[in-house]
Amino acid sequence: MAALDQKSPNVLLQSLCCRITGKSEVCLLTAEVAHQFQYAVRVIGSNYAPTIERDEFLVSEKIKKELMKQRREADAVRFSELHRKLQTQGVLKQKWSILYLLLSLCEDPRKPSSRVGSYGALFAQPLPRDAHSTPFYCARPQSLPLSYPERAVAQNNTSMGTSGISSLGVYTFNGPSPTPQSLLVGHAPGDAMRGSRLAWALPVSASPPGGAAAAPTSRGPAGPLAPAGRVTPRHRREGDGSAEIGEVALVRDILYVFQGIDGKFIKMCSPENCYKIDTKVPLCKSLRDISSRLAELGWLHNKVRKYTDSRSLDRAFGLVGQSFCASLHQELKEYYRLLSVLHSQLQVEDDQGVNLGVDSTLTLRRLLVWTYDPKVRLKTLAALVDFCQGRKGGELASAVHAYGKTGDPNMRALVQHILGLVSHPILNFLYRWIYDGELEDTYHEFFVASDPTVKTDRLWHDKYSLRKSMIPSFITMDQARKVLLIGKSINFLHQVCHDRTSPGKILPASKAADSPKDAAELFTDLEGAFQSKIDAAYFETSKYLLDVLNKNYLLLEHLQAMRRYLLLGQGDFIRHLMDLLKPELARPATTLYQHNLTGILETAVRATNAQFDSPEILKRLDVRLLEVSPGDTGWDVFSLDYHVEGPIATVFTRECMSHYLRVFNFLWRAKRMEYILTDIWKGQMCNAKLLKSMPELSGELHQCHILASEMVHFIHQMQYYITFEVLECSWDELWNKVQQARDLDHIIAAHDVFLDTVITRCLLDTNNRSLLNQLRAIFDQIIEFQSTQDSLYRSALEELQLRLQFEERKRQRQQEGTWGVTAEEEAAENKRIQEFQDFHAKMRSELRILSYSYQGIVQQFLVLLMTSSDESLQFLSFRLDFNEHYKARDPRLRNSLGATRGRRSSNI
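**Student:** Quick question: what am I supposed to make of the overall build of the chain here?
**Tutor:** Scanning the chain from N- to C-terminus turns up 34 helices and six strands. For the chain, buried positions account for 47% of its 908 residues. Excluding contacts between residues fewer than 6 apart, the proportion of contacts in the chain whose partners are at least 24 apart in sequence is 76%. Working note: accessible area of the chain is about 45,200 Å², and carbon and sulfur atoms make up 54% of it.

**Student:** Would you explain a nonpolar patch on the surface in this entry?
**Tutor:** Taken together, Val91, Leu92, Ile98 and Leu102 make up a surface patch of nonpolar side chains, about 330 Å² in accessible area. Inspection of the secondary structure assignment puts Leu102 in helix H5 (residues 95–105).

**Student:** Please explain the environment of Trp460 as it appears in this structure.
**Tutor:** Note that Trp460 resides in helix H17 (residues 459–463). If sequence neighbours within four positions are ignored, Trp460 has contacts with Leu485, Lys488, Ser489, Phe492, Leu545, Thr650, Leu744, Asp745 and Ile748. Side chain to side chain, Trp460 and Asp745 meet in a polar contact 2.7 Å long.

**Student:** Before we go on, may I ask you to explain the packing of helix H22 (residues 555–566) against helix H28 (residues 698–740) in this structure?
**Tutor:** Geometrically, a packed helix pair is captured by the angle between its two axes and the distance between the axes. At a closest axis distance of 12 Å, the pairing of H22 and H28 adopts a crossing angle of 175°. One way to sum up the angle between H22 and H28 is to call them roughly antiparallel. Counting all contacts with H22, which are made through Leu556, Leu559, Gln560 and Arg563, the residues of H28 involved are Leu727, Glu728, Trp731, Leu734, Trp735, Val738 and Gln739. Across the contact of H22 with H28, the residue classes tally to seven nonpolar, two polar and two charged.

**Student:** Where do I start with the environment of Ala670 in this structure?
**Tutor:** Counting through the fold element by element, Ala670 comes out in helix H27 (residues 654–687). Residue classification places Ala670 among the buried residues on the basis of a relative accessible area of 4%. Separated by 109 residues in sequence, Ala670 and Phe779 have C-alpha atoms that sit 7.8 Å apart. In this structure Ala670 touches Ile715, Gln719 and Phe779, once residues within four positions along its chain are discounted.

**Student:** In this structure, what is going on with the packing of aromatic side chains? I would like to understand it.
**Tutor:** Any aromatic ring pair is given by two values, namely how distant the centres are and how the planes are angled relative to each other. This model, assessed by the stated rule, comprises 18 aromatic pairs. Centre to centre, the rings of Tyr307 and Phe317 are 6.3 Å apart; their planes meet at 80°, and the pair counts as edge-to-face. Separated by ten residues along the polypeptide, Tyr307 in helix H11 (residues 285–312) and Phe317 in the loop between H11 and helix H12 (318–352) bring together distant segments of the chain. Judged by its relative accessible area of 3%, Tyr307 falls in the buried class. The class of Phe317 is buried, set by a relative accessible area of 2%.

**Student:** Help me understand unusual backbone geometry in this model?
**Tutor:** Phi is mostly negative for residues that are not glycine, and the peptide bonds are mostly trans. The backbone of Leu763 shows a phi angle near 65°, a positive value even though the residue is not glycine. Assignment of secondary structure puts Leu763 in the loop between helix H29 (744–761) and helix H30 (769–816). Using a relative accessible area of 2% as the deciding quantity, one classes Leu763 as buried. For Glu884, which is not glycine, the phi dihedral falls at a positive 60°. Along the chain, Glu884 turns up in the loop between helix H32 (871–880) and helix H33 (885–889).

**Student:** Sorry, what's going on with the pattern of salt bridges here?
**Tutor:** One side chain can pair with another of opposite charge once the charged atoms of both are near each other. The full count for this structure, using the stated rule, is 41 salt bridges. Between Arg432 and Glu440 there is a salt bridge, with its nearest N and O atoms 3.1 Å apart. Here Glu674 and Lys671 are joined by a salt bridge, their closest N and O atoms 3.7 Å apart. One end of the pair is Glu674 and the other is Lys671, both in helix H27 and three residues apart, which spans about a single turn. Here Glu674 falls in the partly exposed class, since its relative accessible area comes to 25%.

**Student:** How do you make sense of the side chain of Thr598 when you look at a structure like this?
**Tutor:** Relative to the helices and strands, Thr598 resides in helix H24 (residues 594–607). Those residues in contact with Thr598 that lie beyond four places of it in its chain are Asp622 and Val623.

**Student:** Would you take a moment to explain the packing of helix H23 (residues 571–585) against H27 for this structure?
**Tutor:** Where H23 meets H27, the closest approach of the two axes is 12 Å, and the angle between their N-to-C directions is 80°. By the criterion of interaxial angle, the relationship of H23 to H27 is roughly perpendicular. Along the contact surface, H23 presents Ile574, Arg575, Leu577, Met578, Asp579, Leu581, Lys582 and Leu585, while H27 presents Trp668, Lys671, Arg672, Tyr675, Thr678 and Asp679. Tallied by class, residues from the contact of H23 with H27 come to seven nonpolar, one polar and six charged.

What counts as what
Residues numbered from 1 in each chain as written. Predicted model: local features only at pLDDT ≥ 70, side-chain atom pairs only at ≥ 80, totals over all residues. Heavy atoms only, no water. Helix = DSSP H or I, 4+ residues; strand = E, 2+ residues; numbered from the N terminus. Buried < 20%, exposed > 50% of the residue type's maximum accessible area, 1.4 Å probe, protein only. Contact = heavy atoms within 4.5 Å. Areas by Shrake-Rupley, 256 points an atom, 1.4 Å probe, with all protein chains shown as cover. Patch = residues over 30% accessible without salt bridge, like charges linked within 9 Å, V, L, I, M, F, W, Y side chains within 5 Å. Salt bridge = Lys/Arg side-chain N within 4 Å of Asp/Glu carboxyl O. Polar contact = N/O pair within 3.5 Å; in protein donor to acceptor, adjacent residues only side chain to side chain. Axes fitted to C-alpha atoms, helices over the stretch in contact; angles between N-to-C directions. Parallel < 35°, antiparallel > 145°, perpendicular 65-115°, else oblique. Nonpolar A, V, L, I, M, F, W, Y, C, P; charged D, E, K, R; others polar. Phe/Tyr/Trp six-rings, centres within 6.5 Å; stacked < 30°, edge-to-face > 60°.

Encoded structure:
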């Protein structure tokens, strides 16, 4: 031995064995040391390596941590200083191996499970049969589940194998043999089954010859076996890819994948968009399947995380979107908390190694169980993220709410929690809107939209509207409409009515925005608390607005004024106005002046009951001249007007006033026909006795009476229809709706329906244009008949006057005793009479043509009425032809109204 180099590996190894076993180097050749030396040579000669990452920094930190646990702070500081100096020198090539050896030997003496009875027990275990197949870079040995009873079973059923090394050029003694039991004298059986940290890192799969009987006596009672999925993996030599990787490495990889980080064996496959284990990695099918199932959690995490990362910084996503991202972050935070627990568990295994119980070690199957609920939650979140792509605001809340309709209570609770966070900004928007009338929707998320370009006079109609796509599915359309009306009413009061009453005096005490939990509970009880809040604010605001309009702005009085003046409801005023206007309106339209007509209007007001109306109403009544066409008279361009402004212009809009103007012109024209026929009748009554002395006119006068009677009957039936069946019935319905209206929209809607009904039933809509044209033609015939009759009466009265004068002269001359008439005068008289008879014949022809034309137009009008879909017009046709005069002349009218209704009933 003296000839040997004292620095050779053999000599150094022998010295190390002596020091570890506590023997003197003098006993170097004894059998006891020789056996330990042989075992050490086999360990060093094998390819076995600790299954731990070769991280020098990590090992040094663990050494310092151990020193700190032992309250040796000064030693920890000195070790750190020495390690720093060691790193600056290149004396040692395997710093990590030496530090790991020191870490393995510096066990805490207070941990009996990690201490060996004597250093001789370090070599008490034989090498495994496959010690040469240790993985080069695997998970740390501390995370391996070690079961002492399992080792006992393994030793009882296997034989010791060799290290695979044939010769090392060192001293050998009688070949390999098991360590004798004499080395363990003085140690308890329980201590014999515990080795140092380094010794337990060797997975034992064999026992020395003859050890089958000794193993049960040398070990304590068997404990619970480790799970089958946690069997210590076989190790491989470097470069040998045929052996399988260990489950420990997969567990560590899976924990990284859970966070979206590629592991060593499990990586993201971009083309397939999933995590996959490299096909070249040797792994059994069961572990591969379990790993793939676990890796899905990482894919789900990546999907949710990618969505939150991309949307969190997007300002256009809005407050609702940011709340959705915050809820996802909360769920991910809980998920990270689970991962932290798992990592802590793995760290504990790293720190305590074999001292950790087998039942608490991490395995793939345990991860599969522990991550089941998080996986379900992440699946729900990932599906929610997919469904919410491209959505924002109330539309996003609707998408979240749709996922809450499930029978799974856990999933429903998750979605309910997210919905509470997502709907919280919507609730804030809603409260600000219904209590203060303020709309701060920068990113257009709320279902109430505002158009800042709209002027004040159109505030109610155009400025605020509903974004139907942003109405959450848990809010009904009726509730959304009420929410819109509440805030719109508040703004209308402030901006249009100039009412400075604070919202707190209009509504009950405003409540601050609820918490997300309260928001979720509020929106889930849509027919309870939420509905009561909306209804209370709606009723109070609408009632206050209607009170302001009726008391301060006389809305109902203005509505009645429209009925009295523009719809000719004030009969005495209209009749007196026509009488005063008749001379003016008979002139050409181009010769009229508005100020003259306005003066006549004021005279009519002062002379009738209109004078008792409110000055606020009378000052709005005015005269308006329509656009003049060639040949128009004053009757064609005259119209009454009613000026509206301020809040009442919201009800009486420009469109409404144009409808009133059309209806007034129609009613004014129909009223004029009645006025004309009255004049015609008065002329006939006054001239009937005067013209009895002209028997040649009896036929024409009779024809005038008949035609006038037909016209009077027609106009009276039309007036009855317009006045009672159209105006009065529609007005009564309107007034009842206005009295029962709960908000301004109800009044506006009822008023619009009233005008539409009047327009339609007065034949002023596009569907009844042909009927209106026929009716106007009938009115023209009445005007022409008045002109013809006036011409007839004028000429007849003139002729009668001349005849009376001729007879008077003749009588006077006879009384004077002279000839009553000369031949020249008689010839002149006969000539004049002949001219009158010629004119009389012409008038007879004109009356005949006029009568025939009138009856033809009326007949066509009746046919159109009969074919109308409106039953009220069909009844009007029946009344106009009550004696079936026109029915006898036109076969198209022979299908009576009753027959038509009978056929309709039979078809039904």
